[in-house]
Every structure is written in C-alpha cells, then in structure tokens.
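One letter stands for each residue in the lines below.
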Amino acid sequence: MTERTEQTVAATPSASSASPDGERRYEVVVVGGGAAGLSGALTLARARRSVLVIDAGRPRNAPAAHVRSYLTRDGVPPAELLATGRAEVTGYGGEVVRGDVVAAERLEAGDFRVVLEDGSSVMADRLLVTTGLVDELPRVAGLAERWGLDVLHCPYCHGWEVRDQAIGVLATGPLAVHQALLWRQWSEDVTLFPHTAPGFGAEEYEQLAARGIAVVEGRVAALEAADDRLTGVRLADGRVISRQAIVVTPRLTARSGLLTGLGLETTDQEMGGHVVGSHIAADPSGATALPGVWVAGNVAALTEQVIGAAAAGVRAGAAINADLVAEETRRAVAARRSGRHEHEHARGGTSTKDGALPEEEFWDLRYGESDQIWSGNPNVVLVREITGVEPGSALDLGCGEGADAIWLARQGWRVTATDISGVALERAARHAAAADVAGRVDWQRHDLGASFPDGVFDLVSAHFLHSPGDMPREKILRTAASAVAPGGTLLVVGHAGFPAWEHNPHPDVHLPTPEEVLESLELPEGEWEVLLCEEHDRIQNDPDGRPTTRRDNVLKVRRSSG
C-alpha cells in the first residue's frame, strides 16, 4: 500500500554519494589496482560512472623490471604503467585509494558493502574484483630471492631478455618437457632438471634429444649466485651446473578470499590437460555466478599477460556499464508505468474507486510488474529521525518491499510490518532472510481500512501511505496514533504535492499539509508533543529520467510517558 519513493541525490557524473548510514556509495567499486582493475575503472569512469578503485599496493609483477609484449608500452617499468593508469582514471573523475579489503557482503537489496582493514566501509551497486593471483614457488633454497630477476616463468615475458643464455628448466610437474621445448626457441643451451616431476616417457626423451636439450637427473638443492647474478644450480649430490637463468612453473592460485566470502568458490584451471592452479569461473565478459560481481585479470585467467588483463578489464567495465544501463532502463520503465497508472486512476479510468479493480488486486498487480519496484533503500526521513533512538518495538504501515522494516531490524528493533499486497510481503520476507533479520520481523497482510495489527508499539511509522483507491487514510492514521505506546513516537511522511511532470493536477485528489495531518489525528490535548511538522523538497527523476524537485511533508509526534 505504501508508495516507496526512491530517494535520489542530484550529483554530477562520476560523483559518489552517501548512503543513509553515512557510508560513501559508488556505482562500482573495483578491488585491485593492477592493469585489469585500472582498465575497468577507466572504462567505467569514461562512461560517467562513479568508480572507486581500492588498491592493496602489492602487484604480482613488482619484482620485474619491465612490462613486455604490451603494444606501445613494451619495456615500461610496472610501477610507471600503474602510476599512469591511476592518473588516467582520476582524470575522468574516478577515485583510487590505497587499502586492503578484508570483507564484502551482498545486502538484501542486491548491492554490496566493502569493508577495509582500517574498519571503514563503502557501498557499491556492482563489484569488479581484480585481485590477481599468488605464485606458489618450488621450495628450493635461493629461488624465491631471484624470482622476477633471473628465475622466470613466461618465455613471452622474459625470453628475449635471456636469449642465447644458459637456461635451466626446473621440472616440478607434467608440463616440464613442454616448457623446456618452448624455451628452446630462445636459446640452444637449455638444460632440464627433472627434480620432482613425474618420470618422462620414451617419446618425451626422444623429443628432448632431438632438440638438443640436456637432462640432468637428481634433485635440485639450491641456486647459487654471485654479484647479484645467478651462476648455477647445485644438486643434492653436490654437483653444480652453470646456468644464467632458471625457469620454474609456480602453482597459480587466485587471490579469491574476498570472493569466497561472497559464496564464489575457486575452480581448477587446466593447461594441456593438467591442473596449473585455481581461478574464479566467469563468462567471457567477466560476470560471475553471483549477480553484480565481475572478475578480470589473473583472478579469472591465471596465464593472462598484462596486456590481456588490461583488455579483460575493459570488457568487464563495458559489461558492468551495460548491466547498470539495463537496470536503470527497467526502473525508468517501471516509474513511467507507475506514473501512467496514477494518471489513469486520477482521471477515473481503470479505477479502484468504482469497484472495477479491488485495492488488494491493484497492489498485487503493481508489485507483479517488476522484480523490484522501489529503490531497496530505507526512506531517508526514517533513517534521519530514528538513528540513535533506543530500539524497541516498531510497526511499519504499508511496508512495501520491506526496506524500512529491514533497516529497523538491523538497528535492533522488533518489527511488525504490514501491507495489503501479498506479493510485496513475500518479496520483503525474502529480502529479510537475505539480510539475516528474518527472526526480527513479523510480516502481516492487512487492508488497514478494515483490519489493524494488535498491540502497542514504541514506534509507528507510515511512509507515503497513499493509494489511488478509496483508502481511509485519516482513519488509518488515527488508529496508528492509538497504537503508539506511552513515550513512543508516530512518524508520518507523505507527499505534499504532485510530481513536477504532472501538468494537470487532479482537482478531486487532495494531498494534505503536515498541519492538516496533525489536525486530522485528533490527538488529545496535553498527551502528545509535536517534534516535527514541516514540508521539504527532494530530488526525484521524472518518467524520462530527468531530475525534478518534489515536495514532501513529515509529521513526528511523541506520546507522553504518563
């Protein structure tokens, strides 16, 4: 029964806003500030989205001196590439901050809260996770210290730089022979150390021999270096084989802790039929199985090079923007239809007043038009006026899809929530379960003109209790006042005027002032205190998506404790 009016804030393109809880809200939060994350953020910022990049500052390629095979940027130091990327993102209005994300949760409305290590948090409509991967190196003394210098893994990243040098391949898995044959393209002096790899077959030994690749049996004990340069490989039996570069195959493990917390599990990634690590599965655009979450870069594709990760970020950014556009369009259509319904009813077309469409059926059909009618956020006046009030029992009249009731429950209130629409109540109950407050809300179906919840309450809230039908609003609000417990509060918020796009206001429909609402309550003198009785303006988009100003009113009264 309640019109859950979406509370909007006029903002410039790419500007973030604040949630009712004071958290900064962005259309997209990007977790990870590498090539994938910054490319996705750049794409979104250029699409005029509000974007925040949270960067832990620990890029995988930090030990490397240069980025390779990146067209027009070949040889650029990794730190320089990222610094340039950050400047480009912020140049289009995006934001980049340094920090560690420790958790993320999906809220009942489908948006996300992202929590940082310092305890701060931000809100996001969509998430792009580009947290990369961890290279799990073989446990050989001296190897980790040379990683990214002369201990290498990718021939396309490092092969040219060690061409014609003495290269050793440390075998730890079934792809070792393939790896040795590949590196043979860059040097004629390649030696394969079987180390801990499974035994090779006769055909593999023949391939190695045909390409002139030596095989030195025995477990590798350590790498040796002098003057900060690799000099050789020392075997467990004491032999030292001179080498200038060592190739390893690390296990590639996606940094997926944040995603696992959202319910997304890792999947084994294979190469040549062998598992090389774990990643988060996604479609070609980066969309995961969890609506609203995309991934890009090495967290999704373990073997992606920097240029490929950047391209994946662009694809994900474009897909996220398209998804947001689709949602905005759906809501605009719903708002347009809602405006059309209101117009038809006010002119006496398909009316609930003449009995052609009962009130209950009207609202069930209204909620059945879309999976979500209202914004999913609690009403701003409720949050403003009730934040900090000691929780008790609350009655939400015309609860709609449940955003107000759920917000109250999360603040510690025990809530009874009513609506005439069973469709709305079922949806609200699902949202409450997703928010883990199902046990704190009692959902009741009432035509408030005919039935009313039992009991008295510390807070009775009625937001936008309007209907195109013949709803006895004054009678309902008087009953609401009688349901306020001693010392309790009645909060009534309603429209004070028609939308700006309604050029012909309806003469047969009256929207009362807050003073008229107060008078209609017929409150006994001396038993109530008026805390707030005023009109205020807010921004609301018209059916074509243009921001307009709409006037509402609020009445807040408190019953005496005596």
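This report concerns the structure included in the present document.

About the thresholds
Residues numbered from 1 in each chain as written. Predicted model: local features only at pLDDT ≥ 70, side-chain atom pairs only at ≥ 80, totals over all residues. Heavy atoms only, no water. Phe/Tyr/Trp six-rings, centres within 6.5 Å; stacked < 30°, edge-to-face > 60°. Helix = DSSP H or I, 4+ residues; strand = E, 2+ residues; numbered from the N terminus. Lys NZ or Arg CZ within 6 Å of the ring centre and 35° of its normal. Pairing = 2+ DSSP bridges. Contact = heavy atoms within 4.5 Å. Axes fitted to C-alpha atoms, helices over the stretch in contact; angles between N-to-C directions. Buried < 20%, exposed > 50% of the residue type's maximum accessible area, 1.4 Å probe, protein only. Lys, Arg positive; Asp, Glu negative; His and termini not counted. Salt bridge = Lys/Arg side-chain N within 4 Å of Asp/Glu carboxyl O.

### Quick notes on the packing of aromatic side chains
Okay, so step 1: For the structure shown, the criterion picks out four aromatic pairs.
Okay, so step 2: For the ring pair tyrosine 156 and tryptophan 186, a centre distance of 5.7 Å and an interplane angle of 85 degrees mean the geometry is edge-to-face. In this pair, tyrosine 156 is assigned in helix 3 (residues 155–158) and tryptophan 186 in the loop between helix 4 (176–183) and strand 11 (190–193), connecting sequence segments 30 residues apart.
Okay, so step 3: Linked through ring pairs, Tyr156, Trp183 and Trp186 together constitute an aromatic cluster.
Okay, so step 4: Between the NZ or CZ atom of arginine 163 and the centre of the ring of tryptophan 160, over which it lies, the distance is 4.1 Å.

### Observations concerning the sheet that holds strand 16 (residues 245–247)
Okay, so step 1: Strand order in the open sheet formed by five strands is 9-16-10-11-12, and the pairing between neighbours is parallel. The strands lining the two open edges of the sheet, one partner per strand, are strand 9 (151–152) and strand 12 (214–215).
Okay, so step 2: The sheet contact formed by strand 11 and strand 12 spans two bridges and is parallel. Bridge pairing in strand 12 links threonine 191 to alanine 214.
Okay, so step 3: Across the face of the sheet, helix 4 comes into contact with strand 9, strand 10 (167–170), strand 11 and strand 16 while running at roughly 170 degrees to strand 11.

### Some remarks on the sheet that holds strand 18 (residues 267–271)
Okay, so step 1: Strand order in the open sheet made by the four strands is 8-17-19-18, with mixed pairing throughout. In this open sheet, the two edge strands, each paired with only one partner strand, are strand 8 (133–136) and strand 18. In this sheet, neighbouring strand axes are inclined to one another by 30 degrees on average, regardless of whether the strands run parallel or antiparallel.
Okay, so step 2: Taken together, the four bridges between strand 8 and strand 17 (residues 251–254) define a ladder with antiparallel strand orientation.

### Concerning the side chain of arginine 473
Okay, so step 1: Checked against the element boundaries, arginine 473 lands in helix 12 (residues 473–482).
Okay, so step 2: Buried within the structure, arginine 473 lacks any salt-bridge partner; glutamate 474 is the closest side chain of opposite charge, at an N-O distance of 7.3 Å.
Okay, so step 3: For arginine 473, the residues in contact, after removing those within four places along its chain, are Leu465, His466, Val492, Val493, Gly494, Pro512 and Val517.

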